[in-house]
Amino acid sequence: MGWEEVQARGYSEFVRTAQSYHGRPIFALFCGDKDAEGRSWCPDCVTAEPIVRKELHNLPDESVFIYCLVGDRAYWKDPNNEFRRNLKLTGVPTLLKYGTPQKLVEEECFKAELVRMLFTED
Amino acid sequence: SVQAHKEEDNPQKTMEANGLTSVPNSYDYDLIVIGGGSGGLAAAKEAAKYEKKVMVLDFVTPTPQGSSWGLGGTCVNVGCIPKKLMHQAALLGQALQDSRKFGWQFTEEVKHNWMTMTESIQNYIGSLNWGYRVALRDKKVTYENAYGEFVGPHTIKATNKKGIEKLYTAERFIIATGERPRYLGIPGDKEYCISSDDLFSLPYCPGKTLVIGASYVALECAGFLAGLGLDVTVMVRSILLRGFDQDMANRIGEYMKEHGVNFIKEFVPIKVEQVEEGTPGILKVTAKSTAGDQIIEGEYNTVLLAIGRDPCTRRIGLDKVGVNINEKTGKIPVNDEEQTNVPYVYAIGDILQGKLELTPVAIQAGRLLVQRLYAGATTKCDYVNVPTTVFTPLEYGACGYSEETAVEKFGEENIEVYHSHFWPLEWTVPSRDNNKCYAKIICNIQDNERVIGFHVLGPNAGEVTQGFAAAIKCGLTKEQLDNTVGIHPVCAEV
């Protein structure tokens, strides 16, 4: 079985989703919310998303890719939001391998080589 | 294996098989670095700056207990970093006790959880391992998790953990393979004892521990284990901290003894047996006196060996390219440009003969070497007046000569030692020892009383020593030191 994508909005939904896939490799991309026209308030997320999506075919079998919208700009800027506090996220976009210290933050997500390394190497 | 032989006959085929296009001189790489530790990574990243084609090979042979780790070498994984964090954990335990005298009130007794500490530290180390991989990939340095060894001129074989072998050629090589803990060679040592390679990721609290050795590794580990509340004994063959100023070494030992570490002096272990299996289990250690026939026995949950470290130079095919090593110690002699007797093979870090085994030294040597090779620089690594710190419960910072070495080199009549005890202000209120912290400087009378040795025993010794090391590098004299106004109230003003 290949890989699959699921979407989540907000912290609680993210945690519930991740827990439901416990036991499989989980990768997650965190981005700022999108408006009615599908544009995110986070310009780096707009740049990163297509680059990350282009590498998804490299995901290992059985893995899950969670595309998570974190919230609006005001929520994100709050230094105490749950993503910062509990998941230790420092910026958006963040692409990570859940349950490991492996992650790419902000401009690191623009580099296809690094995204591929995160998806394919141990 | 058949594949490897075919490739050996035709270097061009090798390159094509590895998906590479032609490189000048028909080598696969400009530079191959064997060892991804402090020295190796610094050299590789520096070389990438000059647009050189670089490969790093890093591989950790698991310990007898099965421990292994990621990219970054000893310092990051099983050395300086986890050591300092565990030392900090122990200091925080002491701080909690002190805090009551400063008015903090908490009713529960304070306990320590080994697993919580170890998980946090291993998590941090994991982020460092990942960070190095990102940095190398970003700078286009090829990294392979494979064991590198020379098989012929300009050629190495890299074997990964699945046993797959590949051949690579390079114009130049840097050996930065570092060291691993030495075992005693007595019955039971590999089966039942652990080393620093295992301690920092031990998945259970070590419990009552016997530390064998008198190195800084032994004393630092014994120190923080005791600070975390464990019953710790140190078994010493002769003196503490060989090579360090012995007056300071003895003060460190005395302090540890007064703060709950047991010492068994002038004994060596002769066998280790398992009494009970478990995590931890119970081990019985039998030891013999170095001064007579006395035999003693003791039971411990964990036995930690810290009797020395040996260079990883004996099984990397150095004989195939003719690189000389010191047969007795395994260390590699190099000239003052880190070059071995084979002109295209260089070496840096702990494996060097006659040089200090410190991360910043390896990093500096690696960077300067690469700048000389590819950027036309001429600066050589300065190994003189390198500051160090031992993170025993009472920290010890030093730069320059020990008192013994100064006397030996300059003659007792030509040196002057100025010294002082001091009582850190922070220790007064909680009534901690008032006569233990100590500092001394050794001056060369014949050279304007130039400061040639600096030693300090007290909290934050590393932070204190760093600045003085810079001053000593500038030629600090006693008079200049006297003319420098102190910062008050800090330990360093002494």
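Conventions we followed
Residues numbered from 1 in each chain as written. Chains lettered and ligands numbered in written order. Predicted model: local features only at pLDDT ≥ 70, side-chain atom pairs only at ≥ 80, totals over all residues. Heavy atoms only, no water. Disulfide = S-S within 2.5 Å. Buried < 20%, exposed > 50% of the residue type's maximum accessible area, 1.4 Å probe, protein only. Helix = DSSP H or I, 4+ residues; strand = E, 2+ residues; numbered from the N terminus. Pairing = 2+ DSSP bridges. Contact = heavy atoms within 4.5 Å. Buried area = accessible area lost by both parts, 1.4 Å probe. Salt bridge = Lys/Arg side-chain N within 4 Å of Asp/Glu carboxyl O. UniProt positions renumbered as here; feature names shortened; annotations may be inferred. Polar contact = N/O pair within 3.5 Å; in protein donor to acceptor, adjacent residues only side chain to side chain. Axes fitted to C-alpha atoms, helices over the stretch in contact; angles between N-to-C directions.

### Description of the state of the cysteines
Next up, step 1: Inspection of every chain in the model, using the stated rule, returns one disulfide over all chains.
Next up, step 2: Residue Cys42(A) pairs covalently with Cys45(A) via a disulfide, S to S 2.4 Å. Taking the torsion about the S-S bond as the criterion, the Cys42(A) to Cys45(A) disulfide, at about 80 degrees, is right-handed. Both residues of the pair, Cys42(A) and Cys45(A), count as buried.
Next up, step 3: The thiol sulfur of Cys443(B) is not disulfide-bonded, and the nearest other cysteine sulfur, from Cys399(B), lies at 13 Å.

### Here we look at the pairing of strand β2 (residues 26-31) of chain A
All names here are of chain A.
Next up, step 1: With six of six residues buried, β2 lies mostly within the body of the structure.
Next up, step 2: Judged by which residues are buried, β2 turns out to be covered on both faces: Ile26, Ala28 and Phe30 on one side and Phe27, Leu29 and Cys31 on the other are all buried.
Next up, step 3: Pairing analysis gives six bridges linking β2 to strand β3 (residues 64-69), with the strands arranged parallel. Bridging across to β3, Phe27 finds its partner in Phe65.
Next up, step 4: Bridge count for β2 against strand β4 (residues 94-97) is four bridges, and the pairing is antiparallel. Within the sheet, the bridge partner assigned to Leu29 lies in β4 and is Leu95.

### Things to note about the interface of chain B and chain A
Next up, step 1: Facing eight residues of chain B, the contacting portion of chain A comprises twelve residues.
Next up, step 2: Between chain B and chain A, roughly 1000 Å² of surface is buried when both sides are summed, and carbon and sulfur atoms account for 56% of that area.
Next up, step 3: It is Trp130(B), Arg133(B) and Arg137(B) that lose the most area in chain B upon contact with chain A, and together they represent 66% of the buried surface on that side.
Next up, step 4: There are four salt bridges connecting chain B and chain A.

### Describing the UniProt feature "active site" (unreviewed entry) in chain B
Residue and element names in this part refer to chain B.
Next up, step 1: Feature annotation in UniProt assigns "active site" (unreviewed entry) to the following positions: His488.
Next up, step 2: Residue placement: His488 occurs in the segment after α16 (478-482).
Next up, step 3: A polar atom in the side chain of His488 sits 2.8 Å from the side chain of Glu493.

### Some details on the sheet that holds strand β19 (residues 396-400) of chain B
Residue and element names in this part refer to chain B.
Next up, step 1: Pairing is antiparallel across the open sheet formed by five strands, whose spatial order is β18-β19-β22-β21-β20. Both outer strands of the open sheet, β18 (388-390) and β20 (415-422), are each paired with one neighbouring strand and no more. Along the sheet, successive strands turn relative to each other by an average axial angle of 15 degrees, direction set aside.
Next up, step 2: Sheet topology note: the β18/β19 ladder contains three bridges and is antiparallel. When the bridges of β19 are listed, Val390 appears paired with Tyr396.

### Some points on the pairing of strand β22 (residues 450-457) of chain B
Along any regular strand, the residues point their side chains to alternate faces of the sheet.
Residue and element names in this part refer to chain B.
Next up, step 1: Among the eight residues that make up β22, seven are buried, leaving the element largely enclosed by the rest of the structure.
Next up, step 2: In the sheet, β19 pairs with β22 via five bridges, with the strands oriented antiparallel. When the sheet's bridge partners are listed, Ala398 is paired in β22 with His455.
Next up, step 3: One ladder, built from seven bridges, connects strand β21 (residues 437-444) with β22; its direction is antiparallel. Counterpart to Lys440 in the pairing with β22 is His455.
Next up, step 4: Linking two consecutive strands that pair antiparallel, namely β21 and β22, is a turn of five residues; a positive phi of about 60 degrees is found at Asn448 within it.

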